[in-house]
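Descriptive structure summary
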Amino acid sequence: MARRARLVAQGVALGLIVLLFGLLLWKLVYDECGDFIAAAARGERPQAPDFTLERLDEDGEFRLSSLRGQAVVVNAWASWCIPCREEAPFLEQVWRENRDRGLVVVGLDAKDFRVDARRFMREYDLTFPIVYDGDGSTLCRFGVTGFPETVVLDREGKAIDGFVGGINSDEDRARLRRAVERALAT
Amino acid sequence: MRHVYVTVALVVGLMAASTAAWAAGPPSAADLEAELVCPVCETTLDQSNAPVAERMKLFIRQRIAAGDTEREIKDVLVAEFGPGVLATPPKSGFGLLAWLLPIGAVVAGAIAVGLLVRSWSRRRTPPGPERPLDPELERRVDEELARFDG
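In what follows, the accompanying structure is described. This is a predicted model, so every value here is computed, not measured.

Describing the overall build of chain A
Counting its regular elements, chain A contains 6 helices and 7 strands. From first element to last, N terminus to C terminus, chain A shows the α and β order α-α-β-β-β-α-β-α-β-α-β-β-α. The contacts in chain A between residues at least 6 apart in sequence include a share of 73% that link residues at least 24 apart.

Comments concerning the overall build of chain B
A tally of helices and strands in chain B yields 6 helices and 0 strands. Each helix and strand of chain B, ordered N terminal to C terminal, gives the series α-α-α-α-α-α. When each of the 150 residues of chain B is scored for burial, the buried share is 13%. Sequence-distant contacts in chain B: of pairs separated by 6 or more residues, those separated by 24 or more amount to 41%.

Remarks on the nonpolar core
All names here are of chain A. Residues V73, V152, L153 and V180 are the most contacted members of the largest nonpolar core, which totals 66 residues. Ranked by residues supplied to this core, first place goes to strand β3 (residues 71–77) with 6 residues. Excluding residues within four positions of it along the chain, V180 makes contact with A71, V73, V94, N98, L103 and V152.

Considering the pairing of strand β4 (residues 103–110) of chain A
Residues and elements named next belong to chain A. In terms of burial, β4 is a largely internal element, 7 of the 8 residues being buried. Across 7 bridges, the pairing between β3 and β4 is parallel. When the sheet's bridge partners are listed, A71 is paired in β4 with L103. In this fold, the crossover linking β3 to β4 by way of helix α3 (residues 82–98) has right-handed handedness. Where β4 and strand β5 (residues 130–133) come together, 4 bridges link them in parallel fashion. Residue pairing across strands places L108 opposite V131, the latter belonging to β5. A crossover links β4 with its parallel partner β5, the connecting element being helix α4 (residues 114–123), and its sense is right-handed.

Here we look at the interface of chain A and chain B
Of the residues lining the interface, 15 residues belong to chain A; the matching set on chain B comes to 16 residues. Looking at the side of chain A that touches chain B, the element that brings in the most residues is helix α1 (residues 2–30) of chain A, giving 7 residues. Here the side of chain A that touches chain B is composed, by residue class, of 9 nonpolar, 2 polar and 4 charged.

Regarding the environment of F51(A)
Within the secondary structure layout, F51(A) lies in the loop between α2 (36–41) and β1 (52–55). C-alpha separation for the pair F51(A) and V131(A), spaced 80 residues apart in sequence, amounts to 10.0 Å.

Things to note about the packing of α3(A) against helix α6 (residues 170–185) of chain A
Residues and elements named next belong to chain A. One way to put it is that α3 packs onto α6 with a least axis distance of 12 Å and a crossing angle of 30°. Between α3 and α6, the angle falls in the class roughly parallel. Seen from above, α3 lies across α6 with right-handed handedness. Between α3 and α6, the residues in contact are F90, V94 and N98 and R173, L176, V180 and L184, respectively. Here the residues of the contact of α3 with α6 sort into 5 nonpolar, 1 polar and 1 charged.

Some thoughts on the pairing of strand β7 (residues 159–164) of chain A
Residue and element names in this part refer to chain A. Counting buried positions over the 6 residues of β7 gives 5, a clear majority of the element. As judged from the 5 bridges shared by strand β6 (residues 149–153) and β7, these two strands associate in the antiparallel manner. Residue pairing in the sheet places T150 in a bridge with F163 of β7. The antiparallel hairpin formed by β6 and β7 contains 5 residues in its connecting segment, where G157 sits at a positive phi of about 85°.

Looking at α3(A)
All names here are of chain A. Here α3 is 17 residues long and its end C-alpha atoms lie 26 Å apart, about the 24 Å a rise of 1.5 Å per residue gives. Of all the bends found along α3, the most pronounced is centred on A88 and spans about 35°, while P89, a proline, follows it within four residues. All buried positions along α3 are accounted for by C84, E87, A88, L91, V94 and W95. On the buried face of α3, the contacting elements are β3, β4 and α6.

Rules of the game
Residues numbered from 1 in each chain as written. Chains lettered and ligands numbered in written order. Predicted model: local features only at pLDDT ≥ 70, side-chain atom pairs only at ≥ 80, totals over all residues. Helix = DSSP H or I, 4+ residues; strand = E, 2+ residues; numbered from the N terminus. Contact = placed C-beta atoms within 7 Å. Buried ≥ 20, exposed ≤ 12 C-beta atoms within 10 Å, placed from the backbone. Core = buried A, V, L, I, M, F, W, Y, C linked by C-beta atoms within 7 Å. Pairing = 2+ DSSP bridges. Right-handed = clockwise from strand over helix to strand, strands pointing away. Nonpolar A, V, L, I, M, F, W, Y, C, P; charged D, E, K, R; others polar. Axes fitted to C-alpha atoms, helices over the stretch in contact; angles between N-to-C directions. Parallel < 35°, antiparallel > 145°, perpendicular 65-115°, else oblique. Left-handed = near helix turned anticlockwise from the far one by under 90°. Expected span 1.5 Å × (residues − 1). Bend = angle between axes of the 7 residues up to and from the residue.

Structure follows, in structure tokens:
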């Protein structure tokens, strides 16, 4: 009887250790953030992670892969981010200039109140699609570490160039325009 | 004995009533700021001055002034920023594991200690019958005691 009880106790202890180890592994595997935008900024050409998120500019959801065949600029922003305010009019301008050529700018608003994001969109008269990633889980998959960050994708969804920080200098704006031209040429 | 039970029941009832009354009162901004996490810097709101944390603090004060309960304020913030905004995991779904595992570990530890103690107590052999002293040894002990007394 004592031997059986000892075996049960050992089994319970072992089970708990296995459970805790499994939880640790699960956390490590599923909480791992990518470095997609940083890789794009280094000149690599990784495939963009897909996402389906709630739209803020209209009702319904938006799926990134639905834009396959078009050049895409994905811009991660939040209404409380000062450099985001500075670059928003420029991104709207790029969208308006190139949308008829097959470019789509997608705003990825994250870690923000929806009401603040919508106020921001009205304030800057943003007309491109904007999706909402409140908890930042999609940001993590894109490897976004701060706001704003931007990536230009070709028509197959592969990165052309990445921008960590605001696109507010003449140099960065010229670089983004070059990346858009390359994306449209694919 | 019955008086003791009645007194204990009364005290527990009063404590439960006062806790319920306290819980139903308006939430405090300071308490909520200590229980919610800034989604950018991942410290509690009261430890953060990040722009989004300041915005959340403003939201909390506005909702308290509007008469929202603690639960309602937290629910809105979870709907906006996800469950990671709560400093403690929710007591439902996967978050429940974080609450149950330590309790399970303590219970399992107590069971293991109980089983070990029972096992040890059974293993201990009862003391055997007293063996008679060797006559020679008994004589020497008597001599030594007599010399000691003398």
